[in-house]
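# Remarks on the overall topology
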Amino acid sequence: MAESNFVDYVKIFCRSGKGGPGSTHFHREKYIPKGGPDGGDGGRGGHVILKANKNLWTLIHLKYARHIYAGHGEGGSRSRSFGKDGKDQIIEVPVGTVAYDGETGEFLCELAEHDQKIILLKGGRGGQGNWHFRSPTNQAPHYAQPGEPVIEKTVVLELKVLADVGLVGFPNAGKSTLLSVISAAKPEIANYPFTTLVPNLGIVPYRDNRSFCMADIPGIIEGAHEGKGLGLRFLRHIERNAILLFMVPADCDDIKKEFDILLNELGQYNPELLDKQRILAISKCDMLDDELMADVKNKLPDNIQTVFISSVSGLGLMDLKDVLWEEINKEENRVMTISHRAIEITQIEKEEEPVDLEPVEEEDEPLDYDELDWEDEK
Ligand SMILES: Nc1nc2c(ncn2[C@@H]2O[C@H](COP(=O)(O)OP(=O)(O)OP(=O)(O)O)[C@@H](O)[C@H]2O)c(=O)[nH]1
Ligand SMILES: [Mg+2]
């Protein structure tokens, strides 16, 4: 995964900005003795914001930018001047990114639409200046509110790519070959298992200038849910897909069994995946003569629409695209929402070596927050 440009997992350390302190200041002017308190409010600390961008396809730009700090709010000053707000930090991510708490694995938020913005960490509120605390009994308050402190969090961002069709199959089933033939994508293809190590996306052109998106993910083997082969972590990339295209090669000994193993592995990862519409493609049909084909047809699993294809001879590819297009456009196959389960901490540790977090420099004296009442933000 190290050399790949496709990064679908990053762990980043984020810190929002501190609120600026309110000012304790008294008006001074010639001929105006005891001008009274006029300390202004501190500025708000910067937020850390996630923003979805449809032009991004991976999280690679965040791989080396692991510490993201928003700016601190400035302090208020004389004449009831407000302090400047701290600079927000906007983290642009591909549509389909999900954020989890890096410590607990808890789901935080998901960005499903272009331009959607979510505040990941709120900047601290600025403190109120002493002007706010004047009262008939205390006309010269010698105190002001401090700003709210920073919030720090380790956040895991995971990308769940948005594709219409997800390819599911054993290694060597011919998934990448199909993608390379029906789209412009150029995934690596070879006659050995686990050629594909990261997901590939391709746009498949269809009749009348229409197109749909297909995701080719690494092969799945029996026991993948226990971590065999490449495990199941790539299945997150088909969680959002409208339909799943299962692929079993025509020369496989037992098509039904292979199909059942795939179904079982998917169910182990997330039972919701089994609710998706599925289509079965029997690949490499050019390898069989008519007699063997007839034999294969007798041994197909029931209750699933099956298409016979060959990426080499082109057999059945147009039919396949027709079937896929029809299914993608069915209202009941649209994926509106998906439920995100918390991720396991052991998985976080496995995916990422620990990040060396920089200590936060404490610039001010620790403040006593108990003494002061927060007023609601206006
Ligand atoms: N005869 C024939 N061979 C095919 C066909 N499609 C793929 N192959 C061959 O099958 C082998 C595996 O193809 P891949 O596309 O790399 O298989 P994959 O499913 O992507 O495999 P992994 O990435 O390892 O999961 C390659 O040697 C392809 O040339 C086909 O339609 N007919
Ligand atoms: Mg492949």
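About the thresholds
Residues numbered from 1 in each chain as written. Chains lettered and ligands numbered in written order. Predicted model: local features only at pLDDT ≥ 70, side-chain atom pairs only at ≥ 80, totals over all residues. Helix = DSSP H or I, 4+ residues; strand = E, 2+ residues; numbered from the N terminus. Buried ≥ 20, exposed ≤ 12 C-beta atoms within 10 Å, placed from the backbone. Contact = placed C-beta atoms within 7 Å. Pairing = 2+ DSSP bridges. Near = placed C-beta within 6 Å. Nonpolar A, V, L, I, M, F, W, Y, C, P; charged D, E, K, R; others polar. Core = buried A, V, L, I, M, F, W, Y, C linked by C-beta atoms within 7 Å. Domains from an automatic or database assignment. Axes fitted to C-alpha atoms, helices over the stretch in contact; angles between N-to-C directions. pLDDT = per-residue confidence, 0-100.

### What about the overall build of the protein?
In terms of helices and strands, the protein carries five helices and 14 strands. Counting across all 378 residues of the protein, residues that qualify as buried make up 41%. A separation threshold of at least 6 residues defines the contact pool for the protein, and within that pool the share at least 24 residues apart is 74%.

### Side note on the pairing of strand S5 (residues 97-101)
Summarising burial for S5: four of the five residues are buried, a large majority. Inspection of the sheet shows S5 paired to strand S6 (residues 107-111) by four bridges, in the antiparallel sense. What sits directly across from Tyr-100, in S6, is Phe-107. Between the end of S5 and the start of S6, which pair antiparallel, lie five residues, with Gly-105 showing a positive phi angle near 80°. In terms of strand pairing, S5 meets strand S8 (residues 152-159) through five bridges, oriented antiparallel. Within S8, the residue paired with Thr-97 across the bridge is Leu-159.

### Here's the deal with the site of ligand 1
As a matter of local geometry, ligand 1 sits amid 24 residues, with Gly-174, Ser-176, Asn-191, Thr-196 and Gly-219 nearest to it. For the shell around ligand 1, the element with the highest residue contribution is helix H1 (residues 175-182), accounting for three residues. Residue composition of the shell around ligand 1, grouped by class: nine nonpolar, twelve polar and three charged.

### Digging into the environment of Val-248
Mapped onto the elements, Val-248 comes out in strand S12 (residues 243-249). By the C-beta count within 10 Å, which is 27 here, Val-248 ends up buried. Put simply, Val-248 and Phe-308 are 60 residues apart on the chain and 10.0 Å apart in space, counted from C-alpha to C-alpha. For Val-248, the contacting residues outside a window of four places in its chain are Gly-169, Ala-173, Ile-255, Glu-258, Phe-259, Leu-280 and Ile-282.

### Remarks on unusual backbone geometry
Negative phi values dominate among residues other than glycine, just as trans dominates among peptide bonds. Despite not being glycine, Tyr-31 shows a phi value in the positive range, around 65°. In this structure, Tyr-31 sits in the loop between strand S1 (9-15) and strand S2 (48-53). Despite not being glycine, Phe-194 has its phi angle at roughly 60°, a positive value. Among the residues examined, Phe-194 registers 13 C-beta atoms within 10 Å and is labelled partly exposed.

### A word on the nonpolar core
With 69 residues, the main nonpolar core has Val-168, Leu-245, Phe-246, Ala-281 and Ile-282 as its most contacted residues. The element contributing the most residues to this core is S12, with six residues. Here this core gathers at least three residues from each of two domains, domain 1 (9-160 + 347-351) and domain 2 (165-337). Look past the residues within four positions of Phe-246 in its chain and what remains in contact with it is Val-168, Gly-169, Phe-259, Leu-262, Arg-278, Leu-280 and Ala-281.

### Details of the environment of Ser-283
Relative to the helices and strands, Ser-283 is located in strand S13 (residues 277-283). With 24 residues separating them along the chain, Ser-283 and Val-307 place their C-alpha atoms 8.6 Å apart. Leave out the neighbours within four places in its chain, and Ser-283 touches Ala-173, Gly-174, Leu-178, Met-247, Pro-249, Ala-250, Ile-309 and Ser-311.

### Looking at H1
In terms of residue burial, H1 counts as a mostly covered element, since six of its eight residues are buried. Among the residues of H1, Lys-175, Ser-176, Thr-177, Leu-178, Leu-179 and Ile-182 are the ones counted as buried.

### Let's talk about the sheet that holds S2
The sheet built from three strands is open, its strands ordered S4-S2-S7 with mixed pairing. Among the strands making up the open sheet, the edge pair consists of strand S4 (89-94) and strand S7 (117-121). Averaged over all pairs of adjacent strands, the angle between their axes in this sheet comes to 30°, without regard to strand direction. As defined by bridge partners, S2 adjoins S4 across six bridges and the pair is classed as parallel. Each residue of the ladder has a partner; that of Lys-51, found in S4, is Glu-92.

### Focus: the sheet that holds strand S14 (residues 305-308)
Across the sheet, which stays open at both edges, the six strands sit in the order S10-S11-S9-S12-S13-S14 with mixed pairing between neighbours. Each having just a single partner strand, strand S10 (200-206) and S14 make up the two edges of the open sheet. Here the average twist between neighbouring strands, direction ignored, is 30°. Pairing between strand S9 (residues 165-169) and strand S11 (residues 210-216): three bridges, direction parallel.

### Observations concerning the confidence of the model for the protein
Averaged over every residue, the pLDDT of the protein is 85; residues scoring 70 or more account for 89%. Per-residue pLDDT stays below 50 along residues 353-364; that stretch engages in seven contacts with residues further than four places along the chain or on separate chains.

### Some remarks on the environment of Gln-128
Within the secondary structure layout, Gln-128 lies in the loop between S7 and S8. Among the residues examined, Gln-128 registers 24 C-beta atoms within 10 Å and is labelled buried. Each C-alpha atom of the pair Gln-128 and Arg-80 lies 9.8 Å from the other, and the pair is 48 residues apart in sequence.

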